[in-house]
Amino acid sequence: MHIGCPECDATVDASVPPGPGIHAESDSNRLLGKETQCRNCGHELELYYY
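Let me sum up the structure you'll find in this document. (Residues numbered from 1 in each chain as written. Predicted model: local features only at pLDDT ≥ 70, side-chain atom pairs only at ≥ 80, totals over all residues. Heavy atoms only, no water.)

### Some details on unusual backbone geometry
Excluding glycine, most residues fall at negative phi; most peptide bonds, likewise, are trans.
At step 1: If you check the backbone angles, Asp9 has positive phi at about 65° while not being a glycine.
At step 2: On the accessibility criterion, Asp9 (67% relative accessible area) is exposed. (Buried < 20%, exposed > 50% of the residue type's maximum accessible area, 1.4 Å probe, protein only.)

Okay, structure coming up:
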C-alpha cells in the first residue's frame with residue numbers, strides 16, 4: 001500500500017500482512033499494528049489493520 005508521510009508528504013510504500021478481517025459473528029476482531037519509517041525523513045509511521 002502507498003501512504004503519505006505526514007511530516008514531508010513523501011510516498012511511503014508499506015506492506016501489511018493479511019489479517020483475519022472483521023466478522024460479524026466473531027468476538028475475535030482484533031486490531032493489529034505494524035511500524036514502518038519514511039525513507040525520506042525518517043518519520044516513524046504506525047499502520048493498523050484488521
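### Re the nonpolar core
At step 1: Counting residues in hydrophobic clusters, the biggest one holds 5 residues: Cys5, Ala10, Val12, Cys38 and Leu45.
At step 2: Not counting residues up to four positions away in its chain, the partners in contact with Cys5 are Ala10, Val12, Cys38, Cys41 and His43. (Core = buried A, V, L, I, M, F, W, Y, C linked by side-chain atoms within 4.5 Å. Contact = heavy atoms within 4.5 Å.)

### A closer look at the environment of Gly42
At step 1: As for its placement among the helices and strands, Gly42 is situated in the loop between strand S3 (32-37) and strand S4 (44-49).
At step 2: A relative accessible area of 32% places Gly42 in the partly exposed class.
At step 3: For Gly42 and Cys8, which are 34 residues apart along the polypeptide, the C-alpha to C-alpha distance reads 9.7 Å. (Helix = DSSP H or I, 4+ residues; strand = E, 2+ residues; numbered from the N terminus.)

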